[in-house]
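Coordinates in review
The residues making up each chain are set out below.
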Amino acid sequence: MDLLPHFHREVRAFEAAARRAAAAGGAPPVPSCPGWSVSDLVVHLGSVHRGVAHIIRGRLTGPPDASDPAFSAGLPEDTADWPRPEHAPNHGPLPRSLADWFAEGAAALEALFRSRAPEEPAWTWSREQTTGFWLRVQTIEAAVHRWDAENALGTPGPVDAALAAQAVDHSFEVMVPWSRTRTAAPPGSGERYRFRRTDGAGVWTVRFEGDDVRSGDGTGEQAACDVEVSGTASELMLFLWGRIPSGRLAVRGDRAVLDRYATLVPPV
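Now for a description of the structure that goes with this document.

So, how was this worked out
Residues numbered from 1 in each chain as written. Predicted model: local features only at pLDDT ≥ 70, side-chain atom pairs only at ≥ 80, totals over all residues. Heavy atoms only, no water. Pairing = 2+ DSSP bridges. Helix = DSSP H or I, 4+ residues; strand = E, 2+ residues; numbered from the N terminus. Axes fitted to C-alpha atoms, helices over the stretch in contact; angles between N-to-C directions. Contact = heavy atoms within 4.5 Å. Core = buried A, V, L, I, M, F, W, Y, C linked by side-chain atoms within 4.5 Å. Buried < 20%, exposed > 50% of the residue type's maximum accessible area, 1.4 Å probe, protein only. Salt bridge = Lys/Arg side-chain N within 4 Å of Asp/Glu carboxyl O. Phe/Tyr/Trp six-rings, centres within 6.5 Å; stacked < 30°, edge-to-face > 60°.

1. A few points about the sheet that holds strand β2 (residues 203-210)
Spatially, five strands are ordered β3-β2-β1-β4-β5 in an open sheet, and the strand pairing comes out mixed. Of all strands in the sheet, those bounded by a partner on one side alone are β3 (212-216) and β5 (250-253). Geometrically, the sheet is characterised by an average inter-axis angle of 15 degrees between neighbouring strands, direction not taken into account. Pairing of strand β4 (residues 227-231) with β5, which is carried by four bridges, proceeds in the antiparallel orientation. The residue bridging S230 from the neighbouring strand is A250, located in β5. In the packing of helix α5 (residues 161-183) onto the sheet, the strands contacted are β1 (188-197), β2 and β3, and the crossing angle to β2 comes to about 5 degrees. Strand contacts of helix α6 (residues 233-240): β1, β2 and β4, with the helix running at about 150 degrees to β1, the strand carrying the most contacts.

This is the structure in structure tokens:
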């Protein structure tokens, strides 16, 4: 799957949402990111883009140094009216210069992704140490935060079905084990979940047994489940990223087991 067009589309849509907020003269709260406004969301994603670009551009083999001056490169001379992370949520007007800064950083990261092979080595927080990992993660993150921004301003558009399906794969293969380790989540007791896509082929199962997370494609031992959740690929992705409640999905089976999912996979 070629992720570059998806990255381009999602960051441009995020930028459009930021500029809508700037034009309206405010920065509404982001319900799906408690404690943040749209301004705070722009600062977050723009900063992440610059951090990832720093890793790829410098071909880092270890974690970046946050005190490196490269992280502040590209800031305009006057940022007096910019939101400060320590003051979140920042509800003052979203400065147009902040939207410009975001757009510049997103374009620079996209250019890097286009210039580097996906298999090129790059430090990441995962076992997969490649530039392609960052492209996948940042495309998914852009889609999620685009949805966050649009949701704060009105009615959000769904995530592209093919991208969302890949995000569900990524969730079970990467994000769930990482989230459980990072948050010291409680051990599983054999809970078995099935997630069924309704707008195309796709069935995912996951079982939590102690500290193990066992995922599959809905066949074999994993086929049995305690609860099944059905929805479009976009809906499943947004549920797994904590953006929509289970009430937006079709649920069959033990709802108490479904309620435990957020405990087994805490948000980070």
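Now, onward.
2. Quick word on the nonpolar core
Residues F113, W134, F172, Y193, F195, M237 and Y261 are the most contacted members of the largest nonpolar core, which totals 75 residues. Counting residues per element, this core draws most heavily on helix α4 (residues 131-153), at eleven residues. Sequence-distant contacts of F172, that is, excluding residues within four places in its chain, are made with P177, F195, W204, V206, S215, L240 and Y261.

3. Regarding the pattern of salt bridges
A complete count under the given rule lists 19 salt bridges for this structure. For E10, the salt bridge is made with R146, and the minimal N-O distance between the two is 2.8 Å. Of this pair, E10 sits in helix α1 (residues 4-24) while R146 sits in helix α4; the two residues are 136 residues apart in sequence, bridging distant segments of the chain. A salt bridge links R12 to E15; the shortest N-O distance between them is 3.7 Å. Of this pair, R12 and E15 both sit in helix α1, separated by three residues, roughly a single helical turn. For R12, a relative accessible area of 49% translates into the label partly exposed. Beyond isolated ion pairs, a larger network of salt bridges with shared partners links R9, E10, R146 and E150.

4. What to know about the environment of H87
Position of H87 relative to the elements: it lies in the loop between α2 (38-57) and α3 (96-115). We classify H87 as exposed; its relative accessible area is 53%. Put simply, H87 and A13 are 74 residues apart on the chain and 26 Å apart in space, counted from C-alpha to C-alpha.

5. A short note on the packing of aromatic side chains
Applying the stated criterion across every chain, the model contains 14 aromatic pairs. When the centroid spacing of 6.4 Å and the interplanar angle of 40 degrees are considered together, the rings of F195 and F239 count as tilted. With F195 in strand β1 and F239 in helix α6, this residue pair connects regions lying 44 residues apart in the sequence. Owing to a relative accessible area of 12%, F239 belongs among the buried residues under this scheme. Among the aromatic side chains, those forming a connected cluster through ring pairs are F172, Y193, F195, F208, F239 and Y261.

6. Some remarks on the side chain of H170
Within the secondary structure, H170 is located in helix α5. Since its relative accessible area comes to 3%, H170 is described here as buried. When residues no more than four places from it in sequence are discounted, the contact partners of H170 are F133, R136, V137, I140, M175 and W241.

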